[in-house]
Amino acid sequence: MKLPWLGAVVLATVVGCSSTPTADPSPSSPPPSSTPTSAASPSTTPSTSAPASPTPTAPTPSTPAADPVSLPALMAKKYDGRDLRLGRVITRTDAYTRYFVTYASGKLRISGILNVPTTPGRHPALVLNHGFIDPAVYTNGRGLMREQDYLARRGYVVLHTDYRNHAQSSKDPRNEVNLRIGYTEDVINAVLALKASPYVDPQRVGLFGRSMGGGITYNALVAQPGLVKAAVVYASVSSNAVENFNRWTRPDAATAAAVIRAHGDPAKTPDFWRNMSAVNFFDRITEPLLIQQGLADSTCPPVWAQQTYAALKKAGKAATIYTYPGEEHAFAAAWPTSMARTVAFLKQQGV
């Protein structure tokens, strides 16, 4: 099961793929070319109008005792993210030091990287949730390389979690069959572990996720309201688990069969699939969100971002969406603009 995870029109108010997913962009793999969006274009003017696509009607989640593989189970779970250990220094730059790190996530130990600014004192911090990269080829800290550097150079402590089954992290053999819900647990525990770091101001912590990591970010926000102060999502997968399953898992016959054996087909076990879909729990979100989406995204359809934004708005949540004509899944020409907007948004929220 491979989960990859509008020029710049802003829909600012209260509120985020039937092809093979792509990995996060990195300096070693240049992003696809696209038509630049002019910063002076009238299309950059903020708007409070809702997206043209209709607001989806979210089914009501079921109320019986939570399936252990479900968002309600994550809501009820007690988390003990802790023991963030700094390992070897990977590199030192003029602006930050990059460490190999591990932290505890339940019974597992998760690896990652930590970028710590060279400036003294406690810093705002971000947990970065990367998109899909095959664990067989993934290496420590591999996703979101551009963002790791950019954000650390602007004063953020950056914890990029590898997730379970990646790099030096502990193994979870049920992870794929259980629709990777364990990644959400790893991210929640990453935030808690990071807040205990002497480098971090625990009142100024946020989430940043792209592609698959965007979906994980939505899951974390509904599972543990108040966990962070704000969140940013790029080019996310759908907030409806059925859409993700149909786009990437069904074509993989073996994985799809294993998932259906364990949890049922969406048409036959709708309660399970409702309870795996963050869109059905957006009323729980307390943090403001920024959604960034390229309109030429061939991996995660832009309509997913628009539908998620509309559902968040309908739930009365604070969110902003920027869309970028011509930008593909990885972002290219508009990436610097999008990152400047990301930092401005985070600072406005006190992160």
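The rules we used
Residues numbered from 1 in each chain as written. Predicted model: local features only at pLDDT ≥ 70, side-chain atom pairs only at ≥ 80, totals over all residues. Heavy atoms only, no water. Helix = DSSP H or I, 4+ residues; strand = E, 2+ residues; numbered from the N terminus. Buried < 20%, exposed > 50% of the residue type's maximum accessible area, 1.4 Å probe, protein only. Contact = heavy atoms within 4.5 Å. Polar contact = N/O pair within 3.5 Å; in protein donor to acceptor, adjacent residues only side chain to side chain. Salt bridge = Lys/Arg side-chain N within 4 Å of Asp/Glu carboxyl O. Axes fitted to C-alpha atoms, helices over the stretch in contact; angles between N-to-C directions. Parallel < 35°, antiparallel > 145°, perpendicular 65-115°, else oblique. Left-handed = near helix turned anticlockwise from the far one by under 90°. Nonpolar A, V, L, I, M, F, W, Y, C, P; charged D, E, K, R; others polar.

So, unusual backbone geometry
Argument step 1. At L144, a position not held by glycine, the phi torsion is positive, near 55 degrees.
Argument step 2. Along the polypeptide, L144 turns up in the loop between β6 (123-129) and α2 (145-152).
Argument step 3. In this structure, A235 is a non-glycine residue whose phi angle is positive, near 45 degrees.
Argument step 4. Note that A235 resides in the loop between β9 (230-234) and α5 (241-249).
Argument step 5. By relative accessible area, A235 is classed as buried at 1%.

Focus: α5
Argument step 1. Those residues of α5 lying buried are A241, N244, F245, R247, W248 and T249.
Argument step 2. On its buried face, α5 sits against α6 (253-263), α7 (270-274) and α8 (302-314).
Argument step 3. Near the N-terminus of α5, the side chain that reaches the backbone nitrogen of V242, with its oxygen 2.9 Å away, is that of N240.

Section: the pattern of salt bridges
Argument step 1. One pass over the structure, following the stated rule, counts 13 salt bridges.
Argument step 2. Residues K77 and E185 are paired through a salt bridge, measuring 3.6 Å at the closest nitrogen-oxygen approach. One end of the pair, K77, is in the loop between α1 (71-76) and β3 (82-92); the other, E185, is in helix α3 (residues 182-195), and 108 residues separate them in sequence.
Argument step 3. A single network of salt bridges, built from pairs that share partners, joins K77, R164, D172, E185 and D186.

Some thoughts on the packing of α2 against helix α9 (residues 335-348)
Argument step 1. Running from amino to carboxyl end, α2 crosses α9 at an angle of 50 degrees, the nearest separation of the two axes being 11 Å. Taken together, the axes of α2 and α9 lie oblique to each other. The crossing of α2 and α9 is right-handed. Contacts between α2 and α9 involve R146, E147, Y150 and L151 from the former and W335, P336, M339, A340 and V343 from the latter.
Argument step 2. When grouped by side-chain class, the residues that make up the contact of α2 with α9 number 7 nonpolar, no polar and 2 charged.

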